[in-house]
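Understanding the architecture of this molecule
Chain by chain, the residues run as shown.
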Amino acid sequence: MTFDLLTNYTNGHFIDIIFYIIAFISFPMAIGVIMDKVIIRSGFMLIGLFGTICAMFLLLQAQFIALAQLMIYAVGITLVVVIALMLTSPKLESLNELDLDDSKISGFFLSLAVFFTLFTAIKSESWPVRPEISGIDSVKVIGAQLMTGYSIPFEFASLLLLSALIGAIMIAKHNQSVTKKSPVQTNEDNLITSSKK
Amino acid sequence: MNDQTVATVKPRQLSDFIGLSFTFFTSLMAITYATGFIEKIMNFNYLEICLFIIIVILGYLACAMRANIKTIVIAGITMSFFILSFHQSSLNKYLIFSAVLFSIGIYGLTVSRNAVRVLMSIELMLNAVNINLVAFAQYIDPIELKGQVFAIFVLTVAAAEAAVGLAIVLSIYRFMASVDMERFKLLRW
C-alpha cells in the first residue's frame, strides 16, 4: 500500500531512487575497505559493504541469496578476516599513504581500463530482457534446480568445502618440530631420530 | 583555556577547499546531466564518456594539488557512476554498479601491501560477480533462475577460498613475522 503510494508520488522511479541511495552508500564503504589507514576499520567496513550488497539482492527479488549473503559473508567471512587481522600485526601501510608511487598509478590506470572495457561492453550489447514475472517462489525454484539439473556440482561443492576446511586446518596448525631459526636442521634431526628408532 | 581550544582546531587549508570544490563541481555536473540540460546544448553519442573523462582528469589534477585523496575518489566514483548509468536501462544499472565494484577490487588487489587486504578485495570482486549473476537471473531468465544457482556456487567457493587463504597468510606470518606483500618472496623460482 505504502509502496504503491510512493511509486505514484515519485512517478514510478521509486526503485531507481532506492538503487541510487544504496549505491551511494556502498561506494564509500568499498573505498574505505581499500584505502583506509587503520586496517581493522576497513575490516569492519567490509560488513557494511556486504550489507549494502544484500540490500541490492533484495531489490533484485532474490531473497534466499540475500539471506545467504548476510549469513555467509557479513557474519562468517568478515569474522574470519577480522580474527586474522587481530592475529597479525598490520603496521606497515600507514608509512606511504599520501605518496603517489608507481604501483598506485599503474593500479589506477589498470582499474580504469578494466572499467572502461566493461562499460563499453555492457553499453554496446542489447540484452534480451524479458518482462518481469511476479509471484515466483525463488526458494522452490532454486531447490528444484539444485536437486535435479545441478545435483553433481552441488555434491562437488560440498566435497570442495570439506577438503578446503581440512586443508586450512592442516596449513594453519602450529607444527612444533619446525622452529623459526633453522627448519632444515630440525628436519635432519627428525630424520636422525627416526633412523635410530 | 581558550588558547588550548584554539590551538587544537585545525585551520582550513587550500587542499580542503580544492576537495570541496571538486565535490561541488562534480555533483553540479551530475544534476545538470540528469535534467537533460547538457544534451540540449551538445548532442552526440558519447557524451557521458566525455563527462567521465573530464571528471577523471579533474580528479587527477586535484590529487596533484594535494587535496585529500579519499574525498576526491569517493566524489568522482559516485558522480561518474550516476552520470554513466542514469539514462541506461535497469539491467545496465546493476551491471555498471558491479563493474565499478569489480574495478575497485582490482585497484585494491594491485595496490595494497597487506596480505589480508588483498583477500578482502578478492571477496569484493566475487561479490561484484554475484550481483551480475543475480541481475541476469532477474531480468533475462526469470523463470528458471539459473543465475541464482550459480551465485550459490560462487558463495561456497568464496567461503573455501577465504578459509584456505587466511590459513596461508597466518602460517606465513608465523614463519616470517610479517604480512607485507613486498617481502613475500618464498615462491621466487
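Before reading on, note that the structure itself is shown above.
Notes on the structure in this doc start here. Counting starts from 1 at the beginning of each chain's written sequence and moves along it residue by residue. Both sets of labels track the order of writing: A upward for chains, 1 upward for ligands. The predicted origin of the model limits local features to residues at a pLDDT of at least 70 and limits the giving and counting of side-chain atom pairs to 80 or more, whereas totals for whole chains, interfaces and linings rest on all residues. Derived side-chain values reflect all non-hydrogen atoms in the structure, with water molecules and hydrogen atoms excluded from consideration.

**What to know about the overall build of chain B**
A tally of regular secondary structure across chain B gives 8 helices and 0 strands. Strands here mean DSSP runs of E at least two residues long; helices mean DSSP runs of H or I at least four residues long; both are numbered from the N terminus. Along chain B, from the amino end to the carboxyl end, the secondary structure elements read α-α-α-α-α-α-α-α. Relative to the 2.2 N^0.38 estimate, which gives 16 Å for 189 residues, the radius of gyration of chain B is 22 Å and therefore markedly larger than a compact globule would have. Structurally, chain B occupies a C-alpha span of about 65 × 55 × 40 Å along its principal axes. Going through the 189 residues of chain B one by one, you find that 52% of them count as buried. Residues count as neighbours in contact if any of their non-hydrogen atoms are within 4.5 Å of one another. Contacts spanning at least 24 positions in sequence make up 60% of the contacts within chain B whose residues lie at least 6 apart. Each accessible area value is a Shrake-Rupley result obtained with a 1.4 Å probe; residue values ignore everything except the protein chains displayed when judging cover. In the structure as shown, chain B presents an accessible area of about 9,300 Å², 68% of it carried by carbon and sulfur atoms. Charge separation in chain B, taken as the distance between the mean sites of 13 positive and 10 negative side-chain charges, equals 9 Å. A radius of gyration in this sense is built from C-alpha atoms; the matching globule rule multiplies 2.2 Å by the number of residues raised to 0.38. When accessible area is computed with a 1.4 Å probe and restricted to protein chains, residues below 20% of their type maximum are described as buried, those above 50% as exposed, and intermediate ones as partly exposed. His is not counted, nor are the chain ends, whereas Lys and Arg count as positive and Asp and Glu as negative. Here the site of a charge means atom NZ of a Lys, CZ of an Arg, CG of an Asp or CD of a Glu.

**Examining the nonpolar core**
Joining through side-chain atoms within 4.5 Å is the link that ties buried Ala, Val, Leu, Ile, Met, Phe, Trp, Tyr and Cys residues into a set, and such a set is a nonpolar core. Residues B:F81 and B:F97 are the most contacted members of the largest nonpolar core, which totals 90 residues. Tallying contributions element by element places helix α6 (residues 90–111) of chain B first for this core, with 11 residues. Sequence-distant contacts of B:F81, defined by excluding residues within four places in its chain, comprise A:F19, A:Y20, A:A23, A:F24, A:F27, B:K93, B:I96, B:F97 and B:V100.

**Looking at unusual backbone geometry**
In the Ramachandran plot, A:Q61 falls in the positive-phi region, its phi being about 60° despite a non-glycine side chain. A:Q61 gets classed as partly exposed once you look at its relative accessible area, which sits at 39%. With a phi close to 55°, B:L145 is a non-glycine residue in the positive phi region. By the element assignment, B:L145 lies in the loop between α7 (115–139) and α8 (146–176).

**Concerning the pattern of salt bridges**
Close approach of charged atoms allows side chains of opposite charge to pair. Here a salt bridge means any side-chain nitrogen of Lys or Arg lying within 4 Å of a carboxyl oxygen belonging to Asp or Glu. Within this structure, the stated rule accounts for 4 salt bridges over all chains. We note a salt bridge from A:D16 to B:K93, for which the minimum N-O separation is 3.3 Å. Linking A:D16 in helix α2 (residues 14–35) with B:K93 in helix α6, this pair reaches from one chain into another.

**Remarks on the packing of helix α4 (residues 63–87) of chain A against α7(B)**
Between the N-to-C directions of two axes lies an angle of 0 to 180 degrees, each axis being a line fitted to C-alpha atoms and, for a helix, fitted only over the stretch in contact. One can describe the packing of α4(A) onto α7(B) by two numbers: an axis separation of 11 Å at closest approach and a directional angle of 175°. As the angle between them shows, α4(A) and α7(B) are arranged roughly antiparallel. Counting all contacts with α4(A), which are made through A:I65, A:Q69, A:Y73, A:I77, A:V81 and A:L85, the residues of α7(B) involved are B:V116, B:M120, B:E123, B:L126, B:N127, B:N130 and B:V134. Nonpolar residues are Ala, Val, Leu, Ile, Met, Phe, Trp, Tyr, Cys and Pro. Charged residues are Asp, Glu, Lys and Arg, and all others, Gly as well, are polar. Classifying every residue of the contact of α4(A) with α7(B) by side-chain character gives 9 nonpolar, 3 polar and 1 charged. To sort the angles, those under 35 degrees are grouped as roughly parallel, those over 145 as roughly antiparallel, those from 65 to 115 as roughly perpendicular, and the leftovers as oblique.

**Description of a nonpolar patch on the surface**
Residue and element names in this part refer to chain B. Note that patches include only residues with greater than 30% relative accessible area and no salt bridge, and the join distances are 9 Å for like charges and 5 Å for nonpolar side chains (Val, Leu, Ile, Met, Phe, Trp, Tyr). Judged by side-chain polarity, F25, I53, I54, I57, L58 and L61 come together as a nonpolar surface patch covering roughly 500 Å² of accessible area. If you trace the backbone, I57 turns up in helix α4 (residues 47–64). For I57, a relative accessible area of 49% gives the class partly exposed.

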